[in-house]
Amino acid sequence: MRILIAWPRHELLAAWLRERRPDLELRTRALAADVTTDDLAWAEAMIGFRRPAVAGWGSLRWIHSIGAGTDGFLFRSDLPGTVLVTRSPEDFGPAIGEWCVSRALAVTQHLPQLAAAQQGRQWQPVAPIPLAGSRVLVAGTGMVGAGIARAFTGI
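Bear in mind that the values here come from a model prediction, so they are computed numbers and not experimental data. (Residues numbered from 1 in each chain as written. Predicted model: local features only at pLDDT ≥ 70, side-chain atom pairs only at ≥ 80, totals over all residues. Heavy atoms only, no water.)

### Description of helix 6 (residues 143–153)
The complete set of buried residues in helix 6 reads G145, G147, I148 and F152. Relative to the axis of helix 6, the buried residues are bounded by an arc of 160 degrees and lie together on one face. Against helix 4 (93–108) lie the buried residues of helix 6. (Buried < 20%, exposed > 50% of the residue type's maximum accessible area, 1.4 Å probe, protein only. Helix = DSSP H or I, 4+ residues; strand = E, 2+ residues; numbered from the N terminus. Arc of directions from axis to C-beta. Contact = heavy atoms within 4.5 Å.)

Below, the structure written as structure tokens:
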């Protein structure tokens, strides 16, 4: 089987697959934006997170999304019904929840502005906005939404 890997950690994943399945033919790209029509014509399967930026789907029969969902491939897509789309079944909720808390803290603590001032060697005091006592709206009740809600419960 010919598998195209289009993901920033492509080298790590390719090495892992080659160790376990030396019979597979692998081609790697760092990003979906790097994928060409020749890559899609060559590949039978693709592993990645986003749809390639080129038109068509080439010879693909299977796409595996390494993310929590498949919307990166299916949203506004002309994907033929003959292409199998799968995803990783692990619970991404805890990791995404931590990322959401980190973003909320970065915004309320004005970290982007403070980092820019520091780069410019300027003192720019700003008052943080406390997260404690705030309400967070989580739109989704699946594993990701539940992970986000759990992460914000501790604040």
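### So, the sheet that holds strand 3 (residues 45–48)
Taken in spatial order, the five strands make up an open sheet running 2-1-3-4-5, and their pairing is parallel. With one partner strand each, in any of the chains shown, strand 2 (25–29) and strand 5 (84–87) form the two edges of the open sheet. Mean inter-strand twist for the sheet, computed between neighbouring axes without regard to direction, equals 20 degrees. The pairing of strand 4 (residues 62–65) with strand 5 spans four bridges and is parallel. Note that in strand 5 the partner of S65 across the bridge is R87. (Pairing = 2+ DSSP bridges. Axes fitted to C-alpha atoms, helices over the stretch in contact; angles between N-to-C directions.)

### Structural notes on the layout of surface pockets
Space left empty within the atom packing is revealed by a probe, the size of a water molecule, rolled over the atoms. Put simply, the largest pocket is a space of about 230 Å³. In this structure, the largest pocket is lined by W7, R9, L13, W16, L17, I47, H64, I66, S88, E90 and F92. Grouping the constituent residues of the lining of the largest pocket by class yields seven nonpolar, two polar and two charged. (1 Å grid on protein atoms, 1.4 Å probe; cavity = no way out; pocket = protein on both sides within 12 Å on 5 of 7 lines; lining within 4 Å. Points joined across faces, edges and corners; volume = space filled by probe spheres on them. Nonpolar A, V, L, I, M, F, W, Y, C, P; charged D, E, K, R; others polar.)

### Observations regarding the side chain of D39
Secondary-structure assignment places D39 in helix 2 (residues 37–42). Given a relative accessible area of 1%, D39 falls into the buried group. Engagement of the side chain of D39 in a polar contact is seen with the backbone nitrogen of T36, the distance being 3.0 Å. Other than its neighbours up to four places away in sequence, D39 contacts L4, R27, R29 and D34. (Polar contact = N/O pair within 3.5 Å; in protein donor to acceptor, adjacent residues only side chain to side chain.)

### Overview of the packing of helix 4 against helix 6
At a closest axis distance of 7 Å, the pairing of helix 4 and helix 6 adopts a crossing angle of 50 degrees. One element, helix 4, and the other, helix 6, form an angle in the oblique class. For the element pair helix 4 and helix 6, the recorded crossing hand is right-handed. Only M143, V144, G147, I148, R150, A151 and F152 of helix 6 make contact with helix 4, whose side of the interface consists of G93, P94, I96, G97, E98, C100, V101 and A104. By residue class, the composition of the contact of helix 4 with helix 6 is ten nonpolar, three polar and two charged. (Parallel < 35°, antiparallel > 145°, perpendicular 65-115°, else oblique. Left-handed = near helix turned anticlockwise from the far one by under 90°.)

### Looking at a nonpolar patch on the surface
Residues M1, W62 and L84 make up a contiguous nonpolar surface patch of about 270 Å² in total accessible area. With respect to the element layout, M1 can be found in the segment before strand 1 (2–6). According to the relative accessible area criterion, M1 is partly exposed, its value standing at 39%. (Patch = residues over 30% accessible without salt bridge, like charges linked within 9 Å, V, L, I, M, F, W, Y side chains within 5 Å. Areas by Shrake-Rupley, 256 points an atom, 1.4 Å probe, with all protein chains shown as cover. Salt bridge = Lys/Arg side-chain N within 4 Å of Asp/Glu carboxyl O.)

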